[in-house]
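# Fold and contact review
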Amino acid sequence: LQPLLTPLADRVFEVPFAVDTDLFSPLMTREDTAPRFLFVGGMDFAHHFKGVRELLSALQPLSQLDWTLELVGDGALRPSYEAHAETCGLTDRVTFRGRVSPEALVQAYQQADLLLFPSTTAAEAFGLVALEAQSCGVPVIASDLPGVRTVVRHEETGLLVPPGDVLRLRDAIKRFLEDQSLSKRLGEQARALI
C-alpha cells in the first residue's frame, strides 16, 4: 500500500480522531473506594469481538480481591453476558448499565480507575473509548491490535495484552490491583499525551 501512496504523498492528509479534552477531563476529587473497572462497548452481534465474555472469565479468579466492574453498552448479547457473569459468580461485583447519556458516559470515565478494552479480533480498528478514557486520566488495559496500538501505548498509557488471552488479561488486571502507583503513573501520562 505504501508504494501506491508515495506519488500522492503531497495530497494525502491524516486526520486523527480527537476528543474534547475539556469535556473528557479527570475528576479532581473522588471518594476513596474499591478500584472501579469500566468497559464501554456494543453488546450486539455486530460487536461480538469486544471481549466481554473473556473479560468476565479473566475477572473470575480475582473475585477474592476488592474491585467492581461497570459495563456500559447494550445489545442482543447482553443477556448472555449477564448469564456468564452469574456463572462466574460475579453478580455482586458487576453492573450492566446499558446505554447511558453522553453526560453519564463522561461521569463513568471520571469515576473509573481502569478502562478494560479486551477486543478479540482486528475488527477493532481503533478504539475511541480508549482515547476518551485516557483524556479523563484513566489508564487502559487493551488488546494488542494494530489500530488499538495507535491509541494505547504499552507501559506508557496502559498495558497491551494478546487478543483473547484470558490469562494475560487477568495478570494485567492483577498487576493494576497490586500496584496503585502504576495506575496513577499511567493515568497521568495518558492525560498528558492526549
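Provided above is the structure to which this section pertains.
In this text the structure is predicted, and so the values were computed from the model without any measurement.

## As for the overall build of the protein
When helices and strands are counted, the protein shows eight helices and six strands. Helices and strands appear in the protein in the N-to-C order α-β-α-β-α-β-α-β-α-β-α-β-α-α. Here the C-alpha radius of gyration of the protein, 17 Å, is about what a compact globule of 194 residues would show, namely 16 Å. Seen along its three principal axes, the alpha-carbon backbone of the protein occupies a region of about 60 × 35 × 30 Å. For the protein, the proportion of its 194 residues judged to be buried stands at 45%. The long-range share in the protein, meaning contacts at least 24 apart out of those at least 6 apart in sequence, stands at 74%.

## Overview of the pairing of strand β5 (residues 140-143)
Alternating residues of β5 divide into Val140 and Ala142 and Ile141 and Ser143, and every residue in both groups is buried. Examined bridge by bridge, strand β4 (residues 114-117) and β5 share three bridges and lie parallel to one another. Each residue of the ladder has a partner; that of Phe117, found in β5, is Ala142. You can see the chain leave β4, run along helix α5 (residues 128-135) and come back into β5, and the turn it takes is right-handed. Pairing geometry for β5 and strand β6 (residues 158-161), over four bridges, is parallel. The residue bridging Ala142 from the neighbouring strand is Leu160, located in β6.

## Structural notes on the side chain of Arg93
The residue Arg93 is located in the loop between α3 (78-87) and β3 (94-98) in this model. Of the side chains with opposite charge, Asp92 comes closest to the buried, unpaired Arg93, at an N-O distance of 4.5 Å. Only 2.4 Å separates the side chain of Arg93 from the backbone oxygen of Ser63, close enough to count as a polar contact. Among the polar contacts listed, one links the side chain of Arg93 to the backbone oxygen of Trp67, at a separation of 3.3 Å. Those residues in contact with Arg93 that sit more than four places away from it in its chain are Leu62, Ser63, Gln64, Leu65, Asp66, Trp67, Thr68 and Leu69.

Rules used throughout
- Residues numbered from 1 in each chain as written.
- Predicted model: local features only at pLDDT ≥ 70, side-chain atom pairs only at ≥ 80, totals over all residues.
- Heavy atoms only, no water.
- Helix = DSSP H or I, 4+ residues; strand = E, 2+ residues; numbered from the N terminus.
- Rg over C-alpha atoms; globule rule 2.2 N^0.38 Å.
- Buried < 20%, exposed > 50% of the residue type's maximum accessible area, 1.4 Å probe, protein only.
- Contact = heavy atoms within 4.5 Å.
- Pairing = 2+ DSSP bridges.
- Right-handed = clockwise from strand over helix to strand, strands pointing away.
- Lys, Arg positive; Asp, Glu negative; His and termini not counted.
- Salt bridge = Lys/Arg side-chain N within 4 Å of Asp/Glu carboxyl O.
- Polar contact = N/O pair within 3.5 Å; in protein donor to acceptor, adjacent residues only side chain to side chain.

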